[in-house]
Amino acid sequence: MSAARPVTLSDIRDAARRIAGRVSRTPLRLSPYLSEEFGHPVRLKLETMQDTGAFKLRGATNALLNLGKDARAHGVIAVSTGNHGRGVAYAARALGIKCVVYMSELVPAVKVDAIRKLGAEVVITGRSQDDAEHEAMARIEKDGLSYVHPFDDPHVIAGQGTIGIEILEDMPDATNVIVPLSGGGLFAGIATAVKTMKPDTRMAGITMENGAAMIESLNAGKIIPVDEVETLADSLGGGLGNTNAYTFEATRKLIDETLLLSEDDIATAMRTLFLQDRIVAEGGGAVGIGALLSGRLKLNPGPTAIVVSGCNVDMDRFRKIIA
Ligand SMILES: *Cc1c(COP(=O)(O)O)cnc(C)c1O
């Protein structure tokens, strides 16, 4: 099997042109509090303000825009309980493409409703994400739908990478970029853009202690499965799959530093963001702030950008964390 061609800055620039006007160009807002704590300017890339409340809309929109006429006519399918399913459903509706989202029986009703409201056909099947994925593959065979992977897809990676271009446009002197890390589509895209445009920028990938699939795989030098454990950073859960073609290699090559956060670190990050900067972020979206606050990251002494990747948190849960 030949290795997949890695995503390049030119792919990311193409994605930026393609998705312009279909997703929001989010602000890179100064955090006076974090700047004071760190001793250098710290800016927050607020994907919490993206149209679906998370960056996944970028990759989903780019993936759908790259489908041929036939594929568009047949429709798309995603397996996701969260931000990816919502991003694909939203992009599909905007482009007039039929969308099917498979989820397991464990998914809470509010999430099902949100995706159904976007006009997607929701299929609830199986008792785990793996079961749902298995069923989805059978449906693809049957109906000729195009599968939109949540991270290991060159168009998805290029779409997420547009965040990296925007960060350097708004903060050309950035010396560090801190990114939440799960499957690695977000990290691989941003790091490809940033390291190509400004190679001396330090790239850190942050995740939670409970179920850190990419970091455990990087440490092992190969993809290893992890158990899914409950965590405040639910959007960072899940494994890399056993057919990973893009994100593991790209992340391995481009990452300068990784850090694992405890549940307390994540709660502190969510609280600090809200109380100091008035920003609501979900656990997975706030890990970059937790990493900076921990003082355990070895960063360049200079301007720093942190990606705050999403805001889709249950508000009852959020209130408890803030209280
Ligand atoms: C999906 C997601 C991530 C992780 O993205 P990967 O491409 O899987 O690494 C981080 N934050 C939020 C809010 C997400 O939805």
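Residues numbered from 1 in each chain as written. Predicted model: local features only at pLDDT ≥ 70, side-chain atom pairs only at ≥ 80, totals over all residues. Heavy atoms only, no water.

Undergrad: Give a detailed account of the state of the cysteines, specifying residues and quantitative values.
TA: Tallied over the full model, the rule gives 0 disulfides. Summary of cysteine pairing: Cys 99 is not part of a disulfide, and the nearest cysteine sulfur, belonging to Cys 311, is at 20 Å. For Cys 99, a relative accessible area of 6% translates into the label buried. (Disulfide = S-S within 2.5 Å. Buried < 20%, exposed > 50% of the residue type's maximum accessible area, 1.4 Å probe, protein only.)

Undergrad: An account of the domain arrangement of the protein is requested, with residue identities and associated values reported.
TA: Per the domain assignment, the segments of the protein are domain 1 (9-55 + 153-322) and domain 2 (57-147). Distance between the C-alpha centres of domain 1 and domain 2: 24 Å. The junction of domain 1 with domain 2 conceals about 1,700 Å² of combined surface from both sides, 54% of it contributed by carbon and sulfur atoms. Along the contact surface separating domain 1 from domain 2 lie 2 salt bridges. Here Arg 58 and Glu 47 are joined by a salt bridge, their closest N and O atoms 2.6 Å apart. At the boundary of domain 1 with domain 2, the tally comes to 14 residue pairs in polar contact (both at pLDDT 80 or more). For the side of domain 1 that touches domain 2, the elements supplying multiple residues, two or more each, are helix H1 (9-19) and helix H8 (154-170). Among the elements that take part in the side of domain 1 that touches domain 2, H8 stands out by supplying 8 residues, more than any other. (Domains from an automatic or database assignment. Buried area = accessible area lost by both parts, 1.4 Å probe. Salt bridge = Lys/Arg side-chain N within 4 Å of Asp/Glu carboxyl O. Polar contact = N/O pair within 3.5 Å; in protein donor to acceptor, adjacent residues only side chain to side chain. Helix = DSSP H or I, 4+ residues; strand = E, 2+ residues; numbered from the N terminus.)

Undergrad: Describe the site of the ligand, naming the residues involved and giving the relevant values.
TA: Inspection of the region around the ligand gives 16 residues, with Lys 56, Asn 83, Ser 182, Gly 184 and Ser 309 positioned closest. Within the backbone of Gly 183, a nitrogen or oxygen atom sits 2.9 Å from an oxygen atom of the ligand. When isolated, the ligand has an accessible area of 380 Å², and the protein chains bury 97% of it. Class assignment for the residues of the shell around the ligand results in 6 nonpolar, 8 polar and 2 charged. (Near = heavy atom within 4 Å. Areas by Shrake-Rupley, 256 points an atom, 1.4 Å probe, with all protein chains shown as cover. Nonpolar A, V, L, I, M, F, W, Y, C, P; charged D, E, K, R; others polar.)

Undergrad: I'd like a description of the environment of Ile 157, backed by residues and values.
TA: Looking at where Ile 157 falls in the secondary structure, it is placed in helix H8. Between the C-alpha atom of Ile 157 and that of Leu 118, which follows or precedes it by 39 residues, the distance is 23 Å. When residues no more than four places from it in sequence are discounted, the contact partners of Ile 157 are Val 7, Phe 151, Gly 185, Ala 188, Gly 189, Tyr 246 and Thr 247. (Contact = heavy atoms within 4.5 Å.)

Undergrad: How would you explain the pairing of strand S5 (residues 121-124) if you had to name every residue and give the values?
TA: Pairing geometry for strand S4 (residues 99-103) and S5, over 4 bridges, is parallel. Residue pairing for S5: Tyr 102 is matched across the bridge by Val 123. Handedness of the crossover joining S4 and S5 through helix H6 (residues 109-117) is recorded here as right-handed. (Pairing = 2+ DSSP bridges. Right-handed = clockwise from strand over helix to strand, strands pointing away.)

Undergrad: Residues and numbers for the side chain of Thr 162, please.
TA: Within the secondary structure layout, Thr 162 lies in helix H8. Residues contacting Thr 162, with those up to four places away along its chain left out, are Ile 12, Ala 15, Ala 16, Ile 19 and Arg 58.

Undergrad: So what's going on with the sheet that holds S5? Residues and values would help.
TA: Read across the open sheet, the 4 strands follow the order S5-S4-S3-S6; overall the sheet is parallel. Strands at the two margins of the open sheet, each flanked by one partner only, are S5 and strand S6 (146-147). Direction of pairing for strand S3 (residues 76-79) relative to S6: parallel, over a ladder of 2 bridges. Looking at the pairing, Val 76 lines up with Ser 146 of S6. Across the face of the sheet, helix H5 (residues 83-95) comes into contact with S3 and S4 while running at roughly 165° to S3. (Axes fitted to C-alpha atoms, helices over the stretch in contact; angles between N-to-C directions.)

Undergrad: How would you sum up the sheet that holds strand S2 (residues 42-46)? Please name residues and give values.
TA: On the basis of which strands lie adjacent, the open sheet formed by 6 strands has the order S1-S2-S10-S7-S8-S9 and mixed pairing. Each edge of the sheet is formed by a strand with only one pairing partner; in this case those strands are strand S1 (28-30) and strand S9 (257-261). Strand after strand, the sheet turns through a mean of 25° between neighbouring axes, direction not considered. Two elements, strand S8 (residues 202-208) and S9, share 5 bridges in a ladder whose sense is parallel. Its bridge partner being in S9, Thr 207 is matched across the sheet by Leu 260.

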